[in-house]
Amino acid sequence: MILLHPTYFSPIIQYAAISKSDTIIFEVEDNFQKQTYRNRCHIYTAEGKQLLNVPIQHTKGTKQKTKDVKIDYKDNWNKQHLKSLKTAYSSSPFFEYYIDDLNPVFDKNYTFLLDLNLKCHEIIMDALQLEIPYKKTSEYLLEPEGIDLRNLAIAKGVQNYNMKRYNQVFEQNHGFIPNLSILDLIFMEGPNALNYLENQKNQF
C-alpha cells in the first residue's frame, strides 16, 4: 500500500512505485502547494525539457485543500497542452496508438484539479493495463500505514532518480532526460512501458 498525491500526468517514478503496489491511497486532504506535480508535468520537446502547467484559481489570503482547488480555463491551457504533445511526440512510435485516449482530458473542462488528475491516472492505468484499486484519504495522514511517497510530487529540487535509459525522440539533441511525465515513456515504449516500470530499482 502506497500513499501518493494525485498529480497531472505523473512523473515516471510515481508509476514505477505504483507498478509494485497492491493498493493506492491518494492524499486529498492536504493543503495545496505550489511547484509540485499536482498541476504540472514535464515533456521532451525539440528545445529540451518543457513544463506544462495547469493554471488554477487562487484564493487570496487563505490556504486551499488540494481537493478544493479549481482550474482556470481562461487561456485554454488544455488546447495548448494538446498542441504541445502533438508537436513533441507526433513522430514517436506509439503516439497514434494512444493520443485519442487522452481526449477526455483535453476536451472536457473539469472544475476541480483533483478530478482532472484522477482522470489522468485512470487513462494511464488503462494504457499500462494495470488494475490496482485506489481510494482517497478522508483526513490528512501524519503517520500513514504503508509507504509514504507523497514526496514524489515535489517538482523543485527533486532527486535525480537513477532510471534506466529508453529511447527518446530528441535524445540526440539533448541526451537522455529521466523521470519526465509518464506520457513520454508510454509514447516511446508502448506496451513495453509496464515492463520498464517494473524493472526499475526501488528508489523510494
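Our structure is the block above this text.
All values derive from a computational prediction rather than experimental measurement.

Just checking my understanding: could you explain the pattern of salt bridges for this structure?
Close approach of charged atoms allows side chains with opposite charge to pair. Taken as a whole and assessed by the stated rule, the structure comprises seven salt bridges. Note that Glu27 and Arg150 form a salt bridge whose closest N and O atoms lie 2.8 Å from each other. Remark: Arg150 occurs in the loop between strand E6 (147–148) and helix H6 (171–174) and Glu27 occurs in the loop between strand E2 (24–26) and strand E3 (40–45); sequence separation between them is 123 residues. In this structure, Glu27 and Arg150 share a single accessibility class: buried. When salt bridges that share partners are traced, they join Glu27, Asp148 and Arg150 into one network.

Just to check I follow, could you spell out empty space enclosed by the protein for this structure?
All told, the structure shown has two cavities of 30 Å³ or more when counted by the stated rule. In this structure, the largest cavity encloses a volume near 60 Å³. If you trace the largest cavity, you find it lined by Tyr98, Asp101, Leu102, Ile123, Ile124, Ala127, Leu183, Ile186 and Phe187. At the level of elements, helix H5 (113–128) and helix H7 (182–189) are the ones that each hand at least two residues to the lining of the largest cavity.

Even after reading the chapter, I still don't get the nonpolar core, so can you show me in this structure?
What tends to happen in soluble globular proteins is that the nonpolar side chains get buried as a cluster. Membership of the largest hydrophobic core comes to 65 residues, with the highest contact counts inside it found for Tyr8, Phe9 and Leu116. Tallying contributions element by element places H5 first for this core, with ten residues. Once you skip the residues sitting within four places of it in the chain, Phe9 turns out to touch Cys41, Leu102, Val105, Phe106, Cys120, Ile124, Ser181, Ile182 and Leu183.

Rules used in this analysis
Residues numbered from 1 in each chain as written. Predicted model: local features only at pLDDT ≥ 70, side-chain atom pairs only at ≥ 80, totals over all residues. Heavy atoms only, no water. Salt bridge = Lys/Arg side-chain N within 4 Å of Asp/Glu carboxyl O. Helix = DSSP H or I, 4+ residues; strand = E, 2+ residues; numbered from the N terminus. Buried < 20%, exposed > 50% of the residue type's maximum accessible area, 1.4 Å probe, protein only. 1 Å grid on protein atoms, 1.4 Å probe; cavity = no way out; pocket = protein on both sides within 12 Å on 5 of 7 lines; lining within 4 Å. Points joined across faces, edges and corners; volume = space filled by probe spheres on them. Core = buried A, V, L, I, M, F, W, Y, C linked by side-chain atoms within 4.5 Å. Contact = heavy atoms within 4.5 Å.

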